[in-house]
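Report on the structure
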Amino acid sequence: MSSFTLISAALRRKKTRTFLTFSSVVFAFLIFGVLSMLQTAFSMGAEIANEDRLVVRHRVSLFQLLPQSYEADMEEIPGVVDAMHMTWFGGVYQDPSNFFMQSPVEPAEYLDMYPEVLVPEEAKLRWIETRNGVIAGRALVERLGWEVGDRIPIQPTIWRQAGRGDDAWEFELVGVYDADVEGFDQTQFLFRYDFFDEARSFGRGQVGWFMVRIADPDRAPEIAAAIDATFQNSAAETKSESEGAFAAGFANQVGNLGLIVTSILAAVFFTILLVAGNTMAQSVRERIGEIGLLKALGFTSSRVQRLVLMESVTLVTTAGFLGMVLAVGLERVLRPALAAYFPGLFLRPEDLLLGLGLAVVTGLVVGIFPARRAMRLETALALRRL
Amino acid sequence: MVDVRGVSRTFHRGRTPVPVLKGLSLQMEKGEFLALMGPSGSGKSTLLNLIAGLDRPTGGEVIVGGSEIHLLSERKLAGWRSRNVGFVFQFSNLLGALSAERNVAVPLLLTSFSARERRRRVDIALEIVGLSERGKHRPRELSGGEQQRVGIARALVNDPMLLVCDEPTGDLDRTTSAEILDLLVALNRDHGKTILMVTHDPVAAERASRTLHLEDGRLAEGGDDGTVAVPVHEPAGAAV
């Protein structure tokens, strides 16, 4: 028998109330886990962004085009190692709900720019040999049930083929890419720029944005400013920023996710403070005589305070731990199922630790006032409540 | 054993002082069974609280077992209570989620006894109150008298020198009251426990070796310093 026996006895005193409070805390931490996963999924682009890559886009918007000739100009700027371009294709495969990102690229330049993308040598060769060849991320290929060699029609919404009206573009899947970085988007559909540029009905020589590799990440702001200065007062001025800033800005197009998630969590935890705090306050109020008895038996006021605090921390921490375990279980189910839509959907170890830390802090905050009340009770007065 | 010297205790109702004990003195011998009687508000529970170290006097001295307990800090007083005083209340107030034997063991959480020694003490305490076979039962599975016996076992488990009982039979029927009083008398007579009992019940007070009457915070007039002498039982050895 130990002090924990007393804590356990106190928690079992009103089983229904304890169960309801416990359940609400479990649910709160499950919500915490799920929201953390979502936040990770949306912010993953910024998290895994390479510090030595810049994104250069049209100053007005991402969907305004830039001359492809900028690439050579940028490569002349001191500090720039390499540049490559991508373009938003925006086609539809079978049904608009099958959304995935499509872009024409120059294969060799793309693979140089993204060393984290892993493509088998054989697939690389076939990509270079096949004019309408495409490589796609493994998550996308698995989601849509494609196999290498499949012919994939993509219905244009922006880029029609010259002289072919609304006819679908036809691509051949020549390879599947993986990535050796957790959370890297494995749903991209990448095809050759030369094929795209020759066949499109308008905008030849125009591209969507550039990726620029720089030699020294510490000089990123300076180089970005130099790039923008190079094209200042031209017909297509640029906006250059780090890949991380670009990804964060892209994610925030759906709203300030960090603020949304923080606001929801604040509301959830405020409610939990009220629910669990009320439970603890009520529990101590009902046990004034019992607490007086413990003090009469020789328990010091500070020991009684610790007992009540430990009771609160035990209740909230156990429930919080269970909530996080359920969140991990949910992640195991959701992650493979939603990999194609949310490649970065996972619960990070630091979020797990944060959750557990939050549980301990919440337990302490919830218990502090009832514990102080228990500590201050005068023994003789409390015994009158027996 | 107990030496109360000129003790006063004043409470405050708002700004109005309410004197409850007014310069009261009394002595108790080791092995004595003293009953405190008096009307409601006469100060008997306040006096019991002072002697048991649950409260401090406004004036005067309280010396129990040689310790000037009116001078002890709150922390030291708590430690002193855990070693020297056993409490029996009108309601046993057992923890409902714990078995009888675990309820008895609660005061042992404050000691450094080994698990084996704790087990031994709990067994002896339950045996003394005649509940050896009921240790695994929860309070709700016990009768009122049995619950009070568990409360007495809890009071005994640390082998205190003083047992204070506040209306120990106040919530029991006549037959069960008699059984509990028999037990207290046996603890005093056979185990040498010094017992201070507050009661309204003259029948209960008759079982004590001496009865003290309080009125308006003082010893009642008449008798021997307000006391009624009854033959003292012969104490015999420590209980646990």
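Residues numbered from 1 in each chain as written. Chains lettered and ligands numbered in written order. Predicted model: local features only at pLDDT ≥ 70, side-chain atom pairs only at ≥ 80, totals over all residues. Heavy atoms only, no water.

**With respect to the overall build of chain A**
A tally of regular secondary structure across chain A gives 14 helices and 12 strands. For a compact globule of 386 residues, the expected C-alpha radius of gyration is about 21 Å, and chain A comes in at 30 Å, more than 25% above that figure. Overall size of chain A, expressed as C-alpha extent along the three principal axes, is 95 × 45 × 35 Å. Going through the 386 residues of chain A one by one, you find that 51% of them count as buried. (Helix = DSSP H or I, 4+ residues; strand = E, 2+ residues; numbered from the N terminus. Rg over C-alpha atoms; globule rule 2.2 N^0.38 Å. Buried < 20%, exposed > 50% of the residue type's maximum accessible area, 1.4 Å probe, protein only.)

**Quick word on the overall build of chain B**
Each helix and strand counted, chain B has seven helices and 11 strands in total. Against the 2.2 N^0.38 benchmark of 18 Å for 240 residues, chain B shows a C-alpha radius of gyration of 18 Å, consistent with a compact globule. Summarising its shape, the C-alpha atoms of chain B cover approximately 50 × 40 × 35 Å along the three principal directions. Burial analysis of chain B (240 residues in total) assigns 55% to the buried set. A separation threshold of at least 6 residues defines the contact pool for chain B, and within that pool the share at least 24 residues apart is 70%. (Contact = heavy atoms within 4.5 Å.)

**Considerations on a positive patch on the surface**
Taken together, the side chains of R12 and K15 of chain A together with R102 and R140 of chain B make up a positively charged region of the molecular surface. With respect to the helices and strands, R102 of chain B occurs in helix 3 (residues 100-105). In this structure R102 of chain B comes out as partly exposed when scored by relative accessible area, which is 37%. (Patch = residues over 30% accessible without salt bridge, like charges linked within 9 Å, V, L, I, M, F, W, Y side chains within 5 Å. Areas by Shrake-Rupley, 256 points an atom, 1.4 Å probe, with all protein chains shown as cover. Salt bridge = Lys/Arg side-chain N within 4 Å of Asp/Glu carboxyl O. Lys, Arg positive; Asp, Glu negative; His and termini not counted. Charge placed at Lys NZ, Arg CZ, Asp CG, Glu CD.)

**What about the pattern of salt bridges?**
Between side chains of opposite charge, a pair can form as their charged atoms come close. The tally for this structure, following the rule as stated, stands at 39 salt bridges over all chains. In this structure, R119 of chain B and E101 of chain B form a salt bridge, with 3.1 Å as the shortest nitrogen-oxygen distance. Taken together, the positions of R119 of chain B in helix 4 (residues 115-128) and E101 of chain B in helix 3 put the pair 18 residues apart, joining distant regions of the chain. For E101 of chain B, a relative accessible area of 13% corresponds to the buried category. If you follow the salt bridges from partner to partner, you end up with R13, R17, E286 and E290 of chain A in one network.

**Regarding a nonpolar patch on the surface**
All names here are of chain A. A cluster of nonpolar side chains, contributed by F270, L273, L274, V361 and V365, occupies part of the molecular surface with about 450 Å² of accessible area. Ranked by residue count, the leading element in the nonpolar patch is helix 10 (residues 257-286), at three residues. Along the chain, F270 falls in helix 10. The exposed category is assigned to F270, whose relative accessible area is 52%.

**Brief notes about the nonpolar core**
The biggest cluster of nonpolar side chains holds 74 residues, and the ones touching the most others in it are L6 and F299 of chain A together with L47 of chain B. If we ignore the near neighbours within four places in the chain, the residues touching L47 of chain B are V4, L21, L24, L26, L36 and L214 of chain B. Core analysis: the next-biggest nonpolar cluster, separate from the first, contains 40 residues, F189, V207, A224 and I227 of chain A among them. (Core = buried A, V, L, I, M, F, W, Y, C linked by side-chain atoms within 4.5 Å.)

**Side note on the sheet that holds strand 4 (residues 59-64) of chain B**
All names here are of chain B. Spatially, 2-1-4-5 is the arrangement adopted by the four strands of the open sheet, whose pairing is antiparallel. Since the sheet does not close on itself, it has two edges, and those belong to strand 2 (16-28) and strand 5 (67-68), each with one partner. Where strand 4 and strand 5 come together, two bridges link them in antiparallel fashion. Bridging from a neighbouring strand, V64 pairs with S67 of strand 5. With respect to the sheet, helix 1 (residues 44-51) is in contact with strand 1 (2-13), strand 2 and strand 4, its orientation differing from that of strand 1 by roughly 120°. (Pairing = 2+ DSSP bridges. Axes fitted to C-alpha atoms, helices over the stretch in contact; angles between N-to-C directions.)

**Brief notes about helix 12 (residues 301-338) of chain A**
Between its first and last C-alpha, helix 12 of chain A extends 53 Å over 38 residues, near the 56 Å set by a 1.5 Å rise per residue. Along its length, helix 12 of chain A reaches its greatest deviation from straightness, about 25°, at R332 of chain A, and the proline P336 of chain A lies no more than four positions downstream. (Expected span 1.5 Å × (residues − 1). Bend = angle between axes of the 7 residues up to and from the residue.)

**Things to note about the packing of helix 10 of chain A against helix 13 (residues 349-376) of chain A**
All names here are of chain A. The interhelical angle for the contact between helix 10 and helix 13, taken along N-to-C directions, is 35°, at an axis separation of 9 Å. Here helix 10 and helix 13 pass one another in a crossing that is right-handed. Across from F269, I272, L273, A276, G277, M280, A281, V284 and R285 in helix 10, the residues of helix 13 making contact are L358, T362, V365, V366, P370, R373 and A374. Looking at the contact of helix 10 with helix 13 residue by residue, the class counts come to 12 nonpolar, two polar and two charged. (Left-handed = near helix turned anticlockwise from the far one by under 90°. Nonpolar A, V, L, I, M, F, W, Y, C, P; charged D, E, K, R; others polar.)

**Thoughts on the interface of chain B and chain A**
Taken together, the contacts link 23 residues of chain B with 24 residues of chain A. For the pairing of chain B and chain A, the buried interface totals around 2200 Å² over both sides, and the portion due to carbon and sulfur atoms is 67%. Among the residues of chain B in contact with chain A, N93, L109 and L110 of chain B are the three that bury the most area, contributing 24% of the side total. On inspection of chain B and its partner chain A, the count reaches zero salt bridges. In this structure, the connection of chain B to chain A is made through four residue pairs in polar contact (both at pLDDT 80 or more). (Buried area = accessible area lost by both parts, 1.4 Å probe. Polar contact = N/O pair within 3.5 Å; in protein donor to acceptor, adjacent residues only side chain to side chain.)

**Considerations on the domain arrangement of chain A**
What the domain assignment lists for chain A is domain 1 (3-45 + 255-383) and domain 2 (49-254). Between domain 1 of chain A and domain 2 of chain A, the C-alpha centre-to-centre distance is 46 Å. (Domains from an automatic or database assignment.)

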